[in-house]
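What follows is each chain in one-letter form.
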Amino acid sequence: MGTHCLRLRALRCVSARGLPAQPQCKPRVVLGIETSCDDTGAAVVDETGKILGEALYSQKEIHLKAGGIIPPVAQRLHKEHIERVVQEAVDNSGVSPCELTAVATTVKPGLALSLGVGLEYSLKLIEQYKKPFIPIHHMEAHALIIRMLHLVEFPFLVLLVSGGHSLLAVARGVSDFLLLGQTLDEAPGDTLDKVARRLSLRNHPTCCTMSGGEAIEYLAKIGNRLHVELTQPMSQHLDCDFSFSGLRNQVNQIIIKKEREEGFQEGQILSCVNDIAAAVQHTVAAHLAKRTHRAILFCKKEGLLPQPKPALVVSGGVASNEYIRKALRIVTEANGFSLRCPPPKLCTDNGIMIAWNGIERLRAGIDVLHNSKAIRYEPKAPFGINFSEQVKKAALRVPYLKLKI
């Protein structure tokens, strides 16, 4: 980065040092930088929730061809594009680097090589412009982005579902979460991607440019889930944890059987691919819905959420799936909850949610750092206070709800 860092609008800065304080009437402005996985994102957001500028570089097509995310490749692509992405976001915002209140960057959790690129760039940036640094927990950013769009007061229930995570938590405040349950193995987005690869959907003429989850959702619309029998994961476990690896193993066995029946050759598309996609999507949706239903019942029992008008917030890449949203809406409507989901653009990884989380932390005075020497990235990081044992002890049975979607 060096002297080329944010060349744009640099002439508007009097100096990188000793700047006069911003007028109090101006809303505070945060630059957010996201490189936790395979998207390079940046955005400038003010404390009113206005998106002043944004930019995003997606590595999706490259990783689709490779059959999955390769960390060193993701790292290289972040390095190649981060300066351009940040410059574009700041340029679009009309805000000079000197006018920023702080820089917020994802430091946990995520791919180590990817996180390192964003952090290294950000540390040089704050050193050059003498700005405070706000370290961001990626999952907290997903959980709180809804507050930029809607008046959602604490506390609320949140379901975060993506390619790398799935968890249920009560958001009691900024950086204050009760973790009710999480995945015991792989995340739903990861499962959908692996099933799509196993079905060779990159060879499908309509789905070849889609991510695994997108392809499954698209084909499921024209499939019949009842033609493929799948067992619900963890049906005997009365908690809020998730498991998707067993479902994927079931699907693999079904695919192997169908391939034998059809005299399948590598790279071909099974005739029943739409039905398999529909069955997998429904089973994932039903599993998420049932665990979320139990979380709602637990929150009611323990008085963890306000009455009336408690809210369920659903975010993360998998929250873009309309079928899954409809399943969750059935659960929330049956229990008197409102369902809040960010638009698909803000469900996937982006710089906007990081900048907004920076605003939330700035307001709350949490982790606004003026000394960057001790800052490290954390590929694995806990989320909130683990309350899952209390959920297990409650052993709440969930009444049957027909997911007619």
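Residues numbered from 1 in each chain as written. Predicted model: local features only at pLDDT ≥ 70, side-chain atom pairs only at ≥ 80, totals over all residues. Heavy atoms only, no water.

S.K.: Sorry, what's going on with the packing of helix 9 (residues 273-302) against helix 10 (residues 322-334) here?
M.R.: Axes are the key here: two packed helices are described by the angle between their axes and the distance separating the axes. Interhelical geometry of helix 9 versus helix 10 gives an angle of 30° and a closest axis separation of 9 Å. Judged by the inter-axis angle, helix 9 sits roughly parallel to helix 10. Note that helix 9 runs across helix 10; the crossing there is right-handed. Here Gln281, His282, Val284, Ala285, Leu288, Ala289, Thr292, His293 and Ile296 of helix 9 lie close against helix 10, whose contacting residues are Tyr323, Ile324, Ala327, Leu328 and Val331. Residues that form the contact of helix 9 with helix 10 fall into these classes: 10 nonpolar, 4 polar and no charged. (Axes fitted to C-alpha atoms, helices over the stretch in contact; angles between N-to-C directions. Helix = DSSP H or I, 4+ residues; strand = E, 2+ residues; numbered from the N terminus. Parallel < 35°, antiparallel > 145°, perpendicular 65-115°, else oblique. Left-handed = near helix turned anticlockwise from the far one by under 90°. Contact = heavy atoms within 4.5 Å. Nonpolar A, V, L, I, M, F, W, Y, C, P; charged D, E, K, R; others polar.)

S.K.: Help me understand the confidence of the model for the chain in this model?
M.R.: Interpreting fine coordinate detail is not advised for predicted regions of low pLDDT. This prediction gives the chain a mean pLDDT of 92; 94% of its residues lie at or above 70. When the criterion is pLDDT under 50, residues 8-23 qualifies, and its contacts beyond four places in sequence or with other chains add up to 28 contacts. (pLDDT = per-residue confidence, 0-100.)

S.K.: Is there a simple way to explain the state of the cysteines in this structure?
M.R.: In protein structure, a disulfide is the covalent linkage between the sulfur atoms of two cysteines. Here the structure, examined in full by the defined rule, presents 0 disulfides. For Cys37, which is in no disulfide, the shortest distance to another cysteine sulfur is to Cys347 and amounts to 16 Å. Between Cys299, a cysteine without a disulfide, and Cys240, which holds the nearest cysteine sulfur, the sulfur-to-sulfur distance is 8.0 Å. By relative accessible area, which is 1% here, Cys299 ends up buried. (Disulfide = S-S within 2.5 Å. Buried < 20%, exposed > 50% of the residue type's maximum accessible area, 1.4 Å probe, protein only.)

S.K.: Would you take a moment to explain the packing of aromatic side chains for this structure?
M.R.: Two aromatic rings, taken as a pair, are described by how far apart their centres are and by the angle between their planes. In this structure the tally under the stated criterion is 4 aromatic pairs. An angle of 35° between the planes, with centres 4.5 Å apart, marks the rings of Phe177 and Phe383 as tilted. Highlighted residues: Phe177 in strand 8 (residues 176-182) and Phe383 in the loop between helix 12 (351-364) and strand 11 (385-386), separated in sequence by 206 residues. A residue is classified by how much of its surface remains accessible, and Phe177, at 3% relative accessible area, is buried. (Phe/Tyr/Trp six-rings, centres within 6.5 Å; stacked < 30°, edge-to-face > 60°.)

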